[in-house]
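# Observations on the three-dimensional arrangement
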Amino acid sequence: MTEIGLFVVLFVALFVGWAMGRKSPAKKNKQTKKSIPTDYFRGLNHLLNDQHSEAIDAFVDSLEVNSDTFDIHLTLGNLFRKKGEIQKAINIHQNLLARPEISQREMRMVQLELASDFMSAGLLDRAGRLLLNMASTSRKSEFQPKILTLLVDLYEFEQSWDKAIQIGSELIKETPTKKEIKRLAHFHCEMAQELQKKEQWKPAFQHYKLALDVDASCVRASIGAADVLNSQRRYRDAIKELKHAADQDPEFISVIIPKLKECYQKVWGSSGYIKFLQEHNHKKPSTTLIMALVQHYMETDKDYAEMFLVEQLRLHPTIKGFKELISLQLADSQGYNQQHLVVLFELIDQLVQAKHKFQCRQCGFSGHQLHWQCPSCKNWGVVKPIHGLEGE
Ligand SMILES: [Zn+2]
């Protein structure tokens, strides 16, 4: 909807609100004949002069607060917040709270909106105090899930992972939605990562395990637990975790393979590594798997490695695979052929380097790095390696 369209709708909504307030039976006895307030005409004048903000201010002034117009005031406040006019949103919501005639339920609704206003304005302390107060006085009320969700949003924004875990755990007891379960598991992973940096391996490992208790499909927790085990030189246990991660989500195979290779090298277990690569490439081929196998075959039989690569490229064509094929050809070529292949290789290499490796499945954001929380849409666990011709 265009801005002008939005204001026209608001204008009509406010007029309806005013008319409803006018027809309210409670008011009829006191005021049998009510005229349109002058603020309303002032607002109309502003609207006609394209002064939209002033128009809304005047309309808000013209509209008295009662049970019929409460929702309109609340909607207007939210509209201002969404437009980025936070102070106006706060004024409207605080004005509503000051009215003695609003019910307890309406008061809770306004407080929730006010908390969102404070968060949008960056007044996190005020939002936190208001929400914590509401949470302690509204237990088992219909508003509790919303209050807890906003508190989790707040602690997530502050990166206060211990508090986010505490409130997030309460929230999933109330409403165990898939989104909140996934988010809580990632909070445990964030906490674990902080502990890992301080080399506190045991509590870090525990948080990865807690993440898996909350969300058994959390591939990040399995990869993180493997990293901790690797740091503790428990390579065989790390291999188990990484294999589990590959079963949880095969799309992350390109992230798992380098870690798995490192662990297998430490325990001299290349046969187990090759078996893993072959099995997974059979189930779901990917460039990382194919390249790892080619690298292994090259050590013993170069011709077979090349034949295998050509065969795999037919079944699963990718730019990265094509680059590998040129690289193999380059090693055997001479003279002009070699020069031409070098130009081709450099061109393909630039193309591969320019392509993003990861993409958000929710909003389409893409980048060279893996973000467990999408920097664009802020959802957790939605950024994954890109597959297809230009990716894996
Ligand atoms: Zn996203």
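Residues numbered from 1 in each chain as written. Predicted model: local features only at pLDDT ≥ 70, side-chain atom pairs only at ≥ 80, totals over all residues. Heavy atoms only, no water.

The name given to the chain in an unreviewed UniProt entry is Lipopolysaccharide assembly protein B, with the source organism recorded as Marinomonas profundimaris. Here is the UniProt Function (unreviewed entry) comment for the chain, exactly as written: "Modulates cellular lipopolysaccharide (LPS) levels by regulating LpxC, which is involved in lipid A biosynthesis. May act by modulating the proteolytic activity of FtsH towards LpxC. May also coordinate assembly of proteins involved in LPS synthesis at the plasma membrane." Taken from UniProt, the Subcellular location (unreviewed entry) comment for the chain reads in full: "Cell inner membrane". (UniProt positions renumbered as here; feature names shortened; annotations may be inferred.)

## Topic: the overall build of the chain
Helices and strands together make up the secondary structure of the chain, namely 20 helices and three strands. By residue count, 45% of the 392 residues in the chain fall in the buried class. In the chain, the proportion of contacts linking residues at least 24 apart, taken out of those at least 6 apart, comes to 51%. Roughly 21300 Å² of accessible area belongs to the chain as shown, and the carbon and sulfur atoms make up 53% of that amount. (Helix = DSSP H or I, 4+ residues; strand = E, 2+ residues; numbered from the N terminus. Buried < 20%, exposed > 50% of the residue type's maximum accessible area, 1.4 Å probe, protein only. Contact = heavy atoms within 4.5 Å. Areas by Shrake-Rupley, 256 points an atom, 1.4 Å probe, with all protein chains shown as cover.)

## Some words on the coordination of the zinc ion
Protein coordination at the zinc ion: the donors are C360 (SG), C363 (SG), C374 (SG) and C377 (SG), at 2.3 Å from the metal. Looking at C360, the relative accessible area reads 3%, which means it is buried. Note on C377: relative accessible area 27%, which makes it partly exposed. (Donors = N, O, S within 2.8 Å, 3.2 Å for Na, K, Ca; no water.)

## A short note on helix 17 (residues 287-300)
Look at helix 17: 21 Å from first C-alpha to last across 14 residues, which is about the 20 Å you get at 1.5 Å a residue. Taken residue by residue, helix 17 has T287, T288, L289, I290, A292, L293, V294 and Y297 as its buried positions. On the buried face of helix 17, the contacting elements are helix 15 (253-266), helix 16 (270-283), helix 18 (302-315) and helix 19 (319-332). (Expected span 1.5 Å × (residues − 1).)

## Describing the UniProt feature "binding site: Fe cation" (unreviewed entry) in the chain
If you check UniProt for "binding site: Fe cation" (unreviewed entry), the listed places come out as C360, C363, C374 and C377 in our numbering. On the basis of their most widely separated C-alpha atoms, the annotated residues across 18 residues gather in one place, lying no more than 8.6 Å apart. Counting through the fold element by element, C360 comes out in strand 1 (residues 358-360). Setting aside residues up to four positions removed in sequence, C360 forms contacts with F365, C374, C377, V382 and V383. With respect to the secondary-structure elements, C377 resides in the loop between strand 2 (366-367) and strand 3 (383-385). Those residues in contact with C377 that lie beyond four places of it in its chain are C360, Q362, C363 and V382.

## A word on the pattern of salt bridges
A complete count under the given rule lists 23 salt bridges for this structure. A salt bridge links E156 to R183; the shortest N-O distance between them is 2.9 Å. Taken together, the residues span a long stretch of sequence, with E156 in helix 9 (residues 144-158) and R183 in helix 11 (residues 178-197) at a distance of 27 residues. With respect to class, E156 is no different from R183; both count as buried. When the shortest N-O distance is used, the salt bridge between D237 and R234 registers 3.2 Å. (Salt bridge = Lys/Arg side-chain N within 4 Å of Asp/Glu carboxyl O.)

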